[in-house]
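Residue strings, one per chain:
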Amino acid sequence: MVDFARVQKELQECNRDFEVSGIRVVPKSEANLAHLLGTIPGPLGTPYEGGTFKIDINLTDGYPFEPPKMKFVTKVWHPNISSQSGAICLDILKDQWSPALTLKTALLSIQALLSAPEPDDPQDAVVAQQYLREHHTFLGTARYWTEAFAMTSSLDVEEKVKKLVEMGFPETLVRSALDSVGGDENLALEKLCSG
Amino acid sequence: MFSPFNFFRVQCKFFAHGACLKGEHCEFSHDWKAAPNNICTFYQKGMCAYGSRCRYEHVKPSRSHSPVPSSAAELSFSVVQPSGTAGYDACSSPALITERSAANGSSHTPSRLAWGEKVGHQDLPESAVEARSMKSVDPSDQSICSFAAAGACPRGNKCPHIHGDTCPTCAKQCLHPYRPQEREEHMKTCEKMQKHLEALRHSQEIECSVCLERVLSKPVAAERKFGILSECDHPFCISCIRNWRGSSPASGLDINAALRACPICRKLSYFVIPSVIWYSSKEEKLEIVDSYKKKLKSIDCKHFDFGNGTCPFGTSCFYKHAYRDGTLEEVVLRHLGDEDGNTVIVKEIRFHLSN
């Protein structure tokens, strides 16, 4: 059973110092605290600067004695994050988890991972190769992905929703599709078309 | 109403509390005016655990003198009565009865002194004089005013009892001015209690780093306990740390690197000590650990089973390894030199027969 009292406390604590950390965790629905959405700002001085990255958080029954399941919803170009699925390769989310860690500290660690990639222990081999061999290209791609996927302002979202609704999809479905793919219009369309 | 017989008798304690089942057949007095038995028998036997806080009077049995009468009425009684019922004078205080019977039991049997209707005339003035003179001689035999010791004496300066000195720790007038041993004892226990209270207050504030709750305010009473790690000083509640260390290795976490380590500093600890109080110094931690180990050492090990079984923890087991006859298991460590010249301790040696 998830320790919801602790999750509740964590959320309060995390959102209290949002001003400082820029990290936010909100439940996807009020009814279920086991499914949350975290957002982290891209670290300064990296190609991810200026972006806001969404992370899907799923708490297993063993939480906090088991690590939370986290993956990027926003597409990221990073050696330790799958460019396809958003899966994160980070030891504290696996065998180095400790119950003294919280959602906030885990998200902070992910933020640190963004600024310090580990290409020798990659999650995405293609990105890692590029990071090691054509670093310049890597930086360009990462920057482009950040601008394309992580910098969607709310205005853009409304525009995309409008566009997709005009194509004949119901609005609620459009919104959830856009949400699940991190705001990418084409991916959302693909998702809507596939079912 | 004041029959001499009643006067002799000590007031029934049950009656005093309003419930004596024996009623009229009770051998103790059911009279409010009868002197209550206020002497601490433990003190007379040599040791009273309550020390200066005891609500009974601490009078030594060896000296035959009466403690300071507790009320003015009693005092006047012993003075007014001497001629008519002279025989009862010396016995007006029950304290004297016990003291005397304890001191010279050979000459007077206690029962005779206490319950007999007549007492020999001759020795009375003598003992009365003795009692009065002794009173002024040795102030260490007088008990201190219990009201003052408890906080405030309503009689103030007019109180016939000695008022104790103020204890620096509990700020009550409970230090006997003439009993150095008792003073020291009180100050020691008082200081210890104060320290304990202080630690308890401090412990209330401490949060478990896993459930993020105050350990001593947890909803389930059984969980209001700390789990102290042997190697570091990070606080957890016993249920959280046990839960974490007991996680199944199937969850993908490494037993030695993650589960046995402190969730905060990742220092490896091999055991957890339950405690209702958190410590503030190394010595206090050591005390908690030692008393815990000592307690376990007094419990027979289930695995060892009086020698019938084998304990997987061997010589490092915290529980008692003793045989049925009470003899302890002998610990024999076999030291062997290994090829590097170091000494290794061998657990068990088995010989294998090869064909």
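The structure presented is a predicted model; accordingly, all values stated were derived computationally and were not measured.

Each value, and the rule that gives it
Residues numbered from 1 in each chain as written. Chains lettered and ligands numbered in written order. Predicted model: local features only at pLDDT ≥ 70, side-chain atom pairs only at ≥ 80, totals over all residues. Heavy atoms only, no water. Helix = DSSP H or I, 4+ residues; strand = E, 2+ residues; numbered from the N terminus. Buried < 20%, exposed > 50% of the residue type's maximum accessible area, 1.4 Å probe, protein only. Contact = heavy atoms within 4.5 Å. Areas by Shrake-Rupley, 256 points an atom, 1.4 Å probe, with all protein chains shown as cover. 1 Å grid on protein atoms, 1.4 Å probe; cavity = no way out; pocket = protein on both sides within 12 Å on 5 of 7 lines; lining within 4 Å. Points joined across faces, edges and corners; volume = space filled by probe spheres on them. Nonpolar A, V, L, I, M, F, W, Y, C, P; charged D, E, K, R; others polar. Domains from an automatic or database assignment. Pairing = 2+ DSSP bridges. Buried area = accessible area lost by both parts, 1.4 Å probe. Salt bridge = Lys/Arg side-chain N within 4 Å of Asp/Glu carboxyl O. Core = buried A, V, L, I, M, F, W, Y, C linked by side-chain atoms within 4.5 Å. Phe/Tyr/Trp six-rings, centres within 6.5 Å; stacked < 30°, edge-to-face > 60°. Lys NZ or Arg CZ within 6 Å of the ring centre and 35° of its normal. Polar contact = N/O pair within 3.5 Å; in protein donor to acceptor, adjacent residues only side chain to side chain. UniProt positions renumbered as here; feature names shortened; annotations may be inferred. Arc of directions from axis to C-beta.

Draft legend 1. Fine view of the overall build of chain A. Along chain A, the regular secondary structure elements total 8 helices and 4 strands. Beginning at the N terminus, the succession of helices and strands in chain A can be written as α-α-β-β-β-β-α-α-α-α-α-α. In chain A, buried positions account for 47% of the 195 residues. Considering only intrachain contacts with a sequence separation of at least 6, the fraction spanning at least 24 residues in chain A is 52%.

Draft legend 2. How the structure looks around the overall build of chain B. What chain B contains, in helices and strands, is 13 helices and 6 strands. Counting only residues that meet the buried cut, chain B has 35% of its 355 residues in that class. For chain B, the proportion of contacts with a sequence separation of at least 24, taken over those separated by at least 6, is 44%. By element, 55% of the accessible surface of chain B is carried by carbon and sulfur atoms, the whole surface being about 22700 Å².

Draft legend 3. View of the layout of surface pockets. All names here are of chain B. Taken as a whole, the second largest pocket holds about 840 Å³ of empty space. Along its surface, the second largest pocket is lined by 38 residues, and Arg 53, Cys 54, Arg 55, Tyr 56 and Ser 146 are the ones closest to its centre. Elements with a minimum of two residues in the lining of the second largest pocket: helix H2 (13-16), helix H9 (146-150) and helix H10 (180-204). When residues of the lining of the second largest pocket are assigned to their parent elements, the largest contribution, 6 residues, is made by H10. A breakdown of the residues in the lining of the second largest pocket according to their chemical character gives 16 nonpolar, 14 polar and 8 charged. Shared between two domains, the lining of the second largest pocket holds at least three residues of each, these being domain 1 (13-53) and domain 2 (146-189).

Draft legend 4. Molecular detail of the pairing of strand S3 (residues 52-58) of chain A. Residue and element names in this part refer to chain A. Two strands pair when backbone bridges link them, and strand S2 (residues 32-41) and S3 are joined in this way by 7 bridges, in the antiparallel orientation. Bridging from a neighbouring strand, Leu 37 pairs with Asp 56 of S3. In this structure, S3 lies alongside strand S4 (residues 69-72), joined through 4 bridges in antiparallel fashion. Across the sheet, Ile 57 pairs through a bridge with Met 70, a residue of S4.

Draft legend 5. Looking closely at the interface of chain B and chain A. Chain B puts 18 residues into the contact, and the matching count from chain A is 16 residues. The contact between chain B and chain A buries some 1300 Å² in all, and 61% of this surface belongs to carbon and sulfur atoms. Inspection of the chain B/chain A interface yields 0 salt bridges. Broken down by secondary-structure element, the contributors of at least two residues to the side of chain B that touches chain A are helix H11 (238-245) and helix H12 (255-259) of chain B. It is H11 of chain B that contributes the most residues to the side of chain B that touches chain A, 3 residues altogether. The residue inventory of the side of chain B that touches chain A, partitioned by class, reads 10 nonpolar, 5 polar and 3 charged.

Draft legend 6. Summary view of the nonpolar core. Residues and elements named next belong to chain A. Grouped together as the largest cluster of nonpolar side chains are 71 residues, with contacts concentrated most on Ile 40, Ile 57, Leu 59, Met 70, Phe 72, Leu 107 and Ile 110. Considering every element that reaches this core, the biggest residue donor is helix H3 (residues 103-115), with 6 residues. Excluding its chain neighbours within four sequence positions, the residues that come into contact with Ile 110 are Ile 40, Ile 55, Met 70, Phe 72, Ile 88, Leu 90 and Leu 93. Residues Val 161, Leu 164, Ala 177 and Leu 192 belong to the second largest nonpolar core, which totals 8 residues.

Draft legend 7. Seen up close, the packing of aromatic side chains. Counted according to the given criterion, the structure contains 10 aromatic pairs over all chains. With centroids separated by 5.3 Å and ring planes inclined at 45 degrees, the aromatic side chains of Phe 226 of chain B and Trp 278 of chain B adopt a geometry described as tilted. Here Phe 226 of chain B is found in strand S3 (residues 226-229), whereas its partner Trp 278 of chain B is found in the loop between strand S4 (272-275) and helix H13 (282-297), with 52 residues between them in sequence. Judged by relative accessible area, Phe 226 of chain B falls into the buried class, the value being 0%. Summarising the aromatic geometry, the rings of Trp 278 of chain B and Tyr 279 of chain B are spaced 4.6 Å apart at their centres and angled 25 degrees between planes, so their arrangement reads as stacked. The pair Trp 278 of chain B / Tyr 279 of chain B is uniform in exposure class, with both members buried. Through a chain of ring-to-ring contacts, three or more aromatic side chains come together here, namely Tyr 48, Phe 53 and Phe 72 of chain A. Positioned above the aromatic ring of Phe 18 of chain A, the side-chain terminus of Arg 24 of chain A is 3.9 Å from the ring centre. Above the ring of Phe 149 of chain A, the side-chain terminus of Lys 75 of chain A is found at 5.9 Å from the ring centroid.

Draft legend 8. Spatial organisation of the side chain of Ser 83 of chain A. All names here are of chain A. Following the sequence through the fold, Ser 83 ends up in the loop between S4 and H3. Judged by relative accessible area, Ser 83 falls into the buried class, the value being 6%. Among the polar contacts made by the side chain of Ser 83, one reaches the side chain of Asp 124 at a distance of 2.6 Å. Residue contacts for Ser 83: discarding those within four places in its chain leaves Lys 75, Val 76, Trp 77, Asp 124, Val 127 and Trp 145.

Draft legend 9. Focus on the UniProt feature "domain: C3H1-type" (unreviewed entry) in chain B. Residue and element names in this part refer to chain B. In this structure's numbering, the residues bearing the UniProt feature "domain: C3H1-type" (unreviewed entry) are residues 6-33, 34-61, 139-166 and 295-324. For residues 139-166, the helix share is 18%, the strand share is 7%, and the end-to-end C-alpha distance is 18 Å. The span residues 295-324 is 10% helix and 0% strand, and its two end C-alpha atoms sit 19 Å from each other.

Draft legend 10. Quick look at the UniProt feature "active site" (unreviewed entry) in chain A. Following the UniProt record, one finds the feature "active site" (unreviewed entry) at Cys 89 of chain A. Its place among the elements puts Cys 89 of chain A in the loop between S4 and H3.

Draft legend 11. Up close: helix H7 (residues 171-180) of chain A. The set of residues buried in H7 of chain A consists of Val 174, Ala 177 and Leu 178 of chain A. End-on view of H7 of chain A: buried residues confined to an arc of 95 degrees, all on one side of the axis.

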